[in-house]
Amino acid sequence: MNAIIEGRGLKRHYRRGAETVKALDGVDIAIRPGELVSILGPSGSGKTTLINLLSGLDAPTEGSLTINGRAVGGMSEDELVEVRRGVLGFVFQQFLLLPTLTVTENVELPLTFLGRRSEPARTREVLSWVGLGDRSGHLPSELSGGQMQRVAIARALMVEPRVLVADEPTGNLDSKAGRAVLELLKRLAKEKNLAVILTTHNTAFGYEADRIITLEDGRVRKEEGRRPDVV
Ligand SMILES: Nc1ncnc2c1ncn2[C@@H]1O[C@H](COP(=O)(O)OP(=O)(O)O)[C@@H](O)[C@H]1O
Ligand SMILES: [Mg+2]
């Protein structure tokens with residue numbers, strides 16, 4: 001099965017005064033449709049750096065990246081936006097919902113940004129996938145943390161991404177709410193053939209992924225689990 005995102009020899013070095021911080025130091029990785037991939041590793045091991053590179057949000061110091069079959073090295077920001085559009089959806093630890101907008105309005109934001117009209121049927125469908133069909137008129141402040149994160153996931157799904165990128169999606173949640181978010185991500189991967197890349201400090205959650213990549217000092221220390229194209 002073809003990879004949707006493929007990175008080869010990815011490095012990201014930062015200059016800090018006279019020293020060089022090797023946030024990422026030579027990582028090969030491929031993400032395929034429908035697989036849930038977790039990135040584990042201690043704080044500072046390069047997890048966020050890696051997923052920012054894979055998402056095209058940051059450029060590698062060295063190495064190559066393809067997103068949806070297109071080599072993104074040297075692309076302009078406009079070209080990158082075009083490549084990411086419809087391929088990548090994002091979920092963040094802090095949910096990043098707009099507090100004055102209802103659940104429905106938050107979920108429709110990506111359409112607004114793309115200059116598209118609202119699609120009420122699609123919004124209802126996506127909210128039902130995340131189990132919040134009955135909360136559409138609520139404000140974020142009327143929701144629990146777990147519900148807020150599920151709204152954020154619904155928002156990411158509005159543009160029908162093929163890859164959902166989630167940096168510590170359960171980091172601000174208690175274990176029960178975190179569990180519900182993890183189960184949702186697993187179900188979306190399987191039922192919608194959505195690739196999900198998540199970083200987490202929760203090793204138990206991480207080990208429920210199809211593939212588990214553990215980073216240490218910007219390198220892959222180990223890779224476990226099955227590749228979906230190998231039966
Ligand atoms: N913008 C930056 N400038 C300098 N160093 C950075 C920057 N971003 C990250 N780093 C460093 O890169 C390393 C990896 O960071 P990060 O990818 O955020 O790790 P993680 O997400 O695993 O906690 C850390 O040592 C961090 O301090
Ligand atoms: Mg991080």
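The structure under discussion appears in the preceding block.
Residues numbered from 1 in each chain as written. Chains lettered and ligands numbered in written order. Predicted model: local features only at pLDDT ≥ 70, side-chain atom pairs only at ≥ 80, totals over all residues. Heavy atoms only, no water.

1. A short note on the environment of Val91
Rules: A run of H or I in DSSP counts as a helix once it spans at least four residues, and a run of E counts as a strand once it spans at least two, with each numbered from the N terminus. To sort residues, take the accessible area from a 1.4 Å probe on protein chains only and compare it with the maximum for the residue type: under 20% means buried, over 50% means exposed, and anything in between is partly exposed.
In this fold, Val91 is placed in strand β6 (residues 88–92). Taking the relative accessible area as the measure of exposure, Val91 reaches 2% and is therefore buried. Expressed as a C-alpha distance, the spacing of Val91 and Ala154, which sit 63 residues apart in the sequence, is 9.5 Å.

2. A word on the nonpolar core
Selection criterion: Remark: nonpolar core denotes a set of buried residues (Ala, Val, Leu, Ile, Met, Phe, Trp, Tyr, Cys) joined through side-chain atoms within 4.5 Å. Contacts: residue pairs with any heavy atoms within 4.5 Å of one another.
Ile153, Leu164, Leu185 and Val196 are the most contacted members of the largest nonpolar core, which totals 38 residues. For this core, the elements supplying multiple residues, two or more each, are β3 (36–40), α3 (103–113), α4 (120–129), α5 (145–157), β7 (163–167), α6 (175–192) and β8 (195–199). Residues within four places of Ile153 in sequence aside, it is in contact with Val91, Val130, Leu164, Val181, Leu184, Leu185 and Leu188. By size, the runner-up hydrophobic cluster in this structure holds 27 residues, among which are Ile51, Val87, Ala195 and Ile197.

3. Considerations on the packing of α5 against α6
This is how the line gets drawn: Whenever a helix is involved, its axis is fitted only over the stretch in contact; in every case the axis is a line through C-alpha atoms, and angles between N-to-C directions fall within 0 to 180 degrees. We call two directions roughly parallel when the angle between them is under 35 degrees, roughly antiparallel when it is over 145, roughly perpendicular when it lies between 65 and 115, and oblique otherwise. Whether a crossing is left-handed or right-handed is set by the direction in which the near helix is turned from the far one by less than a right angle, anticlockwise for left-handed and clockwise for right-handed.
Packing of α5 against α6 brings their axes to within 9 Å, and their N-to-C directions diverge by 20°. By the angle between their axes, α5 is roughly parallel relative to α6. The interaxial crossing formed by α5 with α6 has right-handed handedness. Residues Gly146, Gln149, Arg150, Ile153 and Leu157 of α5 touch α6, and the partners they reach there are Ala177, Val181, Leu184, Leu185 and Leu188.

4. So, the sheet that holds strand β9 (residues 211–216)
Worth spelling out the cut-off: Note on pairing: two strands pair once DSSP finds at least 2 bridges between them.
Taken in spatial order, the 6 strands of this open sheet run β6-β7-β8-β3-β9-β10, and their pairing is mixed. Of all the strands in the sheet, just β6 and β10 (219–225) have a single pairing partner and so form its edges. Strand-to-strand, the axes of this sheet are offset by a mean angle of 15°, without reference to chain direction. Here 4 bridges tie β3 to β8, and the two strands are oriented parallel to one another. Each bridged residue has a counterpart across the sheet, and for Val37 the counterpart in β8 is Ile197. Sheet contacts for α6: β3, β7 and β8; angle to β8, the most-contacted strand, approximately 155°.

5. Quick look at the side chain of Thr49
Counting through the fold element by element, Thr49 comes out in helix α1 (residues 47–54). According to the relative accessible area criterion, Thr49 is buried, its value standing at 13%. Residues contacting Thr49, with those up to four places away along its chain left out, are Arg12, Tyr14, Ala23 and Leu24.

6. Digging into the environment of Pro169
With respect to the element layout, Pro169 can be found in the loop between β7 and α6. C-alpha of Pro169 to C-alpha of Arg84: the two residues are 85 residues apart in sequence and 20 Å apart in space. Ignoring sequence-local partners within four residues, the contact set of Pro169 consists of Val91, Gln149, Val181, Leu185, Leu198 and Thr199.

7. Details of the layout of surface pockets
Our working rule: Buriedness for pockets is judged along seven lines, at least five of which must meet protein on both sides within 12 Å for an open set on the 1 Å grid over protein atoms alone, while cavities are sets there where a 1.4 Å probe fits but cannot get out, and lining residues have an atom within 4 Å of a point. Grid points are joined across faces, edges and corners, and a volume is the space filled by probe spheres set on the points.
Roughly 630 Å³ of volume is contained in the largest pocket. Elements with a minimum of two residues in the lining of the largest pocket: α2 (77–84), β6, α3 and α5. Per-element accounting of the lining of the largest pocket gives the leading share, 4 residues, to β6. Put simply, the second largest pocket is a space of about 210 Å³.

Purely geometric stuff here, so don't read any function into it on its own.
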